[in-house]
Amino acid sequence: MPRTVYLHPDEACARLGLVPTPNDGKWSKYERRRKLKELGLTRKTGPFKGYRYIAAEVDALANKLIH
């Protein structure tokens, strides 16, 4: 069975094109992470601190949104 790859929220944002812009406020990082939840991505918890996202799901959404 293939192993599931999990992404850090910042990596998931980068793959989806949610990147920081100049003059963003100090809360912009958290607003980008909230956007991941709004997009319907599944958040997973595990042996790591905080949430992680499934890489295959993030890549499929990126192909749908970007292309």
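Engineer: What is the right way to read the nonpolar core from this model?
Structural biologist: Nonpolar side chains in soluble globular proteins tend to be buried together. The biggest cluster of nonpolar side chains holds eleven residues, and these are Leu7, Ala12, Cys13, Leu16, Leu36, Leu41, Tyr53, Ala55, Val58, Leu61 and Ala62. Broken down by secondary-structure element, the contributors of at least two residues to this core are helix H1 (9-16) and helix H3 (55-66). The biggest single contributor to this core is H3, with four residues. In this view, leucine 16 contacts Leu36, Leu39, Leu41, Val58, Leu61, Ala62, Leu65 and Ile66; residues no more than four positions away in its chain are not counted.

Engineer: How do you make sense of the side chain of arginine 32 when you look at a structure like this?
Structural biologist: Assignment of secondary structure puts arginine 32 in helix H2 (residues 28-38). Once residues within four sequence positions are removed from consideration, arginine 32 is found in contact with Cys13, Leu18, Val19, Pro20 and Asp24.

Engineer: It is not clear to me how H2 should be interpreted in this structure. Could you clarify?
Structural biologist: Given 3.6 residues per helical turn, the α-helix brings residues three or four places apart onto the same face. Among all positions in H2, only Ser28, Arg32 and Leu36 are buried. Buried positions in H2, seen along its axis, are confined to an arc of 105° and lie on one side of it. With respect to the buried face of H2, the exposed residues turned more than 90 degrees away are Lys37 and Glu38. Packed against the buried residues of H2 are H1 and strand S3 (52-54). Of the residues flanking the end of H2, it is glycine 40, one or two places downstream, whose phi is positive at about 90°.

Engineer: Looking at this structure, I do not really get the packing of aromatic side chains. What am I missing?
Structural biologist: Each aromatic ring pair is characterised by the separation of its centres together with the angle its planes make. On inspection of all chains with the given rule, the structure shows two aromatic pairs. Aromatic pair tyrosine 6 and phenylalanine 48: ring centres 6.0 Å apart, planes at 55°, arrangement tilted. Of this pair, tyrosine 6 sits in strand S1 (residues 6-7) while phenylalanine 48 sits in the loop between strand S2 (43-44) and S3, and the two are 42 residues apart along the sequence. Note on tryptophan 27 and tyrosine 30: the rings are 5.8 Å apart at their centroids and 50° apart in plane angle, and the pair reads as tilted. You can call tyrosine 30 partly exposed: its relative accessible area is 35%. Stacked on the ring of tyrosine 51, the Lys or Arg arginine 43 has its end atom at 3.8 Å from the ring centre.

Thresholds applied
- Residues numbered from 1 in each chain as written.
- Predicted model: local features only at pLDDT ≥ 70, side-chain atom pairs only at ≥ 80, totals over all residues.
- Heavy atoms only, no water.
- Core = buried A, V, L, I, M, F, W, Y, C linked by side-chain atoms within 4.5 Å.
- Buried < 20%, exposed > 50% of the residue type's maximum accessible area, 1.4 Å probe, protein only.
- Helix = DSSP H or I, 4+ residues; strand = E, 2+ residues; numbered from the N terminus.
- Contact = heavy atoms within 4.5 Å.
- Arc of directions from axis to C-beta.
- Phe/Tyr/Trp six-rings, centres within 6.5 Å; stacked < 30°, edge-to-face > 60°.
- Lys NZ or Arg CZ within 6 Å of the ring centre and 35° of its normal.

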